[in-house]
Amino acid sequence: NHINSRIRRFMGTDAEIEFTVERGVLSVLQTRSAETEHMFEPRTFHKPGPACGRGIGVMGGAFRGLAAFNEQQARQLVSRLDPDSSEVDGILLVLENPVPDEIPLILSVDGLLAARGGSTAHAAVAVNGIDDKPFSAVLGVSHLRVLQNSAEIIGPEGDALCRIEPGDVVSIHGQTGEVFTGSRDIYD
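Thresholds, definitions, all that
Residues numbered from 1 in each chain as written. Predicted model: local features only at pLDDT ≥ 70, side-chain atom pairs only at ≥ 80, totals over all residues. Heavy atoms only, no water. Helix = DSSP H or I, 4+ residues; strand = E, 2+ residues; numbered from the N terminus. Rg over C-alpha atoms; globule rule 2.2 N^0.38 Å. Buried < 20%, exposed > 50% of the residue type's maximum accessible area, 1.4 Å probe, protein only. Contact = heavy atoms within 4.5 Å. Lys, Arg positive; Asp, Glu negative; His and termini not counted. Charge placed at Lys NZ, Arg CZ, Asp CG, Glu CD. Pairing = 2+ DSSP bridges. Axes fitted to C-alpha atoms, helices over the stretch in contact; angles between N-to-C directions. Core = buried A, V, L, I, M, F, W, Y, C linked by side-chain atoms within 4.5 Å. Salt bridge = Lys/Arg side-chain N within 4 Å of Asp/Glu carboxyl O.

> Please clarify how the overall build of the protein chain should be interpreted in this entry.
For the protein chain, the helix and strand inventory stands at four helices and 13 strands. Here the C-alpha radius of gyration of the protein chain, 17 Å, is about what a compact globule of 188 residues would show, namely 16 Å. Projected onto its principal axes, the C-alpha positions of the protein chain cover 50 × 40 × 35 Å. Per-residue burial over the protein chain gives 40% buried out of 188 residues. Counting only contacts in the protein chain whose residues sit at least 6 apart along the sequence, the fraction spanning at least 24 positions is 58%. Between the centroid of the 16 positive side chains of the protein chain and the centroid of its 26 negative side chains there is a distance of 6 Å.

> For this particular structure, what's the right way to read the sheet that holds strand β8 (residues 136-139)?
Paired through their backbone hydrogen bonds, the strands of a sheet run either parallel or antiparallel. On the basis of which strands lie adjacent, the open sheet formed by eight strands has the order β3-β13-β12-β5-β6-β7-β8-β4 and mixed pairing. Edge positions in the sheet fall to β3 (53-54) and β4 (56-59), since each has one partner strand and no second. As paired elements, strand β5 (residues 62-68) and strand β12 (residues 169-173) share five bridges and run antiparallel to each other. Bridge pairing links Phe 63 to Ile 172 in β12. Most of the contacts of helix α2 (residues 71-78) go to β5, to which it runs at about 115 degrees, and overall it touches β5 and β6 (90-95).

> Quick question: what am I supposed to make of the environment of Ala 114 here?
Along the polypeptide, Ala 114 turns up in strand β7 (residues 111-114). Ala 114 sits in the buried class, given a relative accessible area of 0%. If near-sequence neighbours (up to four positions away) are discounted, Ala 114 is found in contact with Leu 95, Glu 96, Pro 98, Val 138, Leu 139, Gly 140, Val 141 and Leu 144.

> Help me understand the nonpolar core in this model?
Generally speaking, soluble globular proteins have nonpolar side chains that are buried together. Ranked by internal contacts, the top residues of the largest apolar core, which has 24 residues, are Ile 106, Leu 112, Val 127 and Phe 135. For this core, the elements supplying multiple residues, two or more each, are β4, β5, α2, β6, α3 (103-108), β7, α4 (122-128) and β8. Counting residues in each nonpolar core, the second largest holds 18 residues, with Leu 92, Val 141, Ile 153 and Cys 162 among its members.

> I tried to follow the pattern of salt bridges on my own but got confused; where do I start?
In the structure shown here, the tally under the stated rule is seven salt bridges. The salt bridge partner of Glu 178 is Arg 54, with a shortest N-O separation of 3.3 Å. Of this pair, Glu 178 sits in strand β13 (residues 178-181) while Arg 54 sits in strand β3, and the two are 124 residues apart along the sequence. Ionic contacts of the salt-bridge type, sharing partners, join the residues Arg 145, Glu 152, Arg 163 and Glu 165 into one network.

Here you go:
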């Protein structure tokens, strides 16, 4: 983390870092500027109110999605999407800690919300490679607890502030990292 922070300060942007650890010694093999330029103009929320959670905005802008916790739910929710809806933009995959095996599933939906991960995680690198559709992602939401088929936003006292079930609308902002329950208005 210390090396990553120094490289980020030096480069002024997120970095892709290739490294190895041998006998307890960290060696940085190469680093380059992370690809974060996209042809889609990020949208923003209009008076969204206070966020119920915050993480690291990885990509995109304002997004309102139907929450899915696995591939089967994502497929089922696609059939519920109304292309003319002004309340929902697509499917939002909610995960505890995205792993490389889940990259195909992540790329098949329209947004990602995860309790763990950061701007250089496998999931972040994968979504930053999406250039054929708008996509929003927020990772590293420390107050998000993902269960098997639901999630909770945990308050400072450890109590659940809100619960997210499959099909619930969740709004995220891929630049600010904010998370809101329900749909929020978007500037046109």
